[in-house]
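Okay, here's what each chain looks like letter by letter:
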Amino acid sequence: MGFKNFRFYVFMLAVFTCLSMTACEKEKLAEEAKIEPPVRAYVITARIDKKGTNTTSEGVAVLKGTYDEQSKVFAYAIEYENISPALITLRSGLKGSAGELIREVYKNDNQVPLKQPLTGSLNLTPLQERNLLKGLWFVAMCTNISAAPEISGSLTLKQK
């Protein structure tokens, strides 16, 4: 009887050894097969008004845009009413801060009035992309009356 028990234990040991070796190979295969994250595209909007600026301005504006992670291009169109902008900027920063200037979208140098919608595009750097996806971007509109923004609004992103 001792010999039969010995053979049984040796057989079980061989089976467990084979199973553990094949399990390790599967883990290696899973590690080697790296999955690329999906490339996302976003629809971007911003309601631009007096809420974040503590002014009495009646001006309002809307930014509509798109962003594609593959091409790194942010395209936008801005329409406004009841305001005569002297400076429109895209900024990055926490809510309530002056933010870091990303780009001057429009600067009035005694030119003819803007045609609406005001359109443009921007190729983003990795830092700009990260801040945009975190929701740290906003639009600020200034008039000749004040150097401080008269109206502003945060950009919100929605996946397509």
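For the structure, see preceding data.
Reading the values: the criteria
Residues numbered from 1 in each chain as written. Predicted model: local features only at pLDDT ≥ 70, side-chain atom pairs only at ≥ 80, totals over all residues. Heavy atoms only, no water. Buried < 20%, exposed > 50% of the residue type's maximum accessible area, 1.4 Å probe, protein only. Helix = DSSP H or I, 4+ residues; strand = E, 2+ residues; numbered from the N terminus. Arc of directions from axis to C-beta. Phe/Tyr/Trp six-rings, centres within 6.5 Å; stacked < 30°, edge-to-face > 60°. Core = buried A, V, L, I, M, F, W, Y, C linked by side-chain atoms within 4.5 Å. Contact = heavy atoms within 4.5 Å.

On to helix H2 (residues 126-133). By the burial criterion, the buried members of H2 are Gln128, Glu129, Asn131 and Leu132. For H2, the angular spread of the buried residues around the axis is 165 degrees, confining them to a single face. Where H2 ends, the next residue or the one after it, Gly135, has phi of about 85 degrees, a positive value.

Right, let's talk about the packing of aromatic side chains for a bit. Tallied over the entire structure, the rule returns two aromatic pairs. Ring centres of Phe74 and Tyr76 lie 5.6 Å apart, and the angle between their planes is 35 degrees; on these two criteria the pair is classed as tilted. With a relative accessible area of 0%, Phe74 lands in the buried category. With relative accessibility at 5%, the residue Tyr76 sits in the buried group. Centre to centre, the rings of Phe74 and Trp137 are 5.6 Å apart; their planes meet at 90 degrees, and the pair counts as edge-to-face. Taken together, the residues span a long stretch of sequence, with Phe74 in strand S3 (residues 73-81) and Trp137 in strand S7 (residues 137-142) at a distance of 63 residues. Here Phe74 and Trp137 have matching classes, each one buried.

The next point concerns the nonpolar core. With 27 residues, the main nonpolar core has Leu63, Phe74, Ile88, Leu90, Trp137, Met141 and Leu155 as its most contacted residues. Elements that contribute at least two residues to this core include exactly strand S1 (41-48), strand S2 (60-68), S3, strand S4 (87-92), strand S5 (100-107), strand S6 (118-123) and S7. The contacts of Leu63, once residues within four sequence positions are left out, are Ile44, Thr45, Ala46, Ile48, Phe74, Tyr76, Ala77, Ile78, Leu90, Val139 and Leu155.

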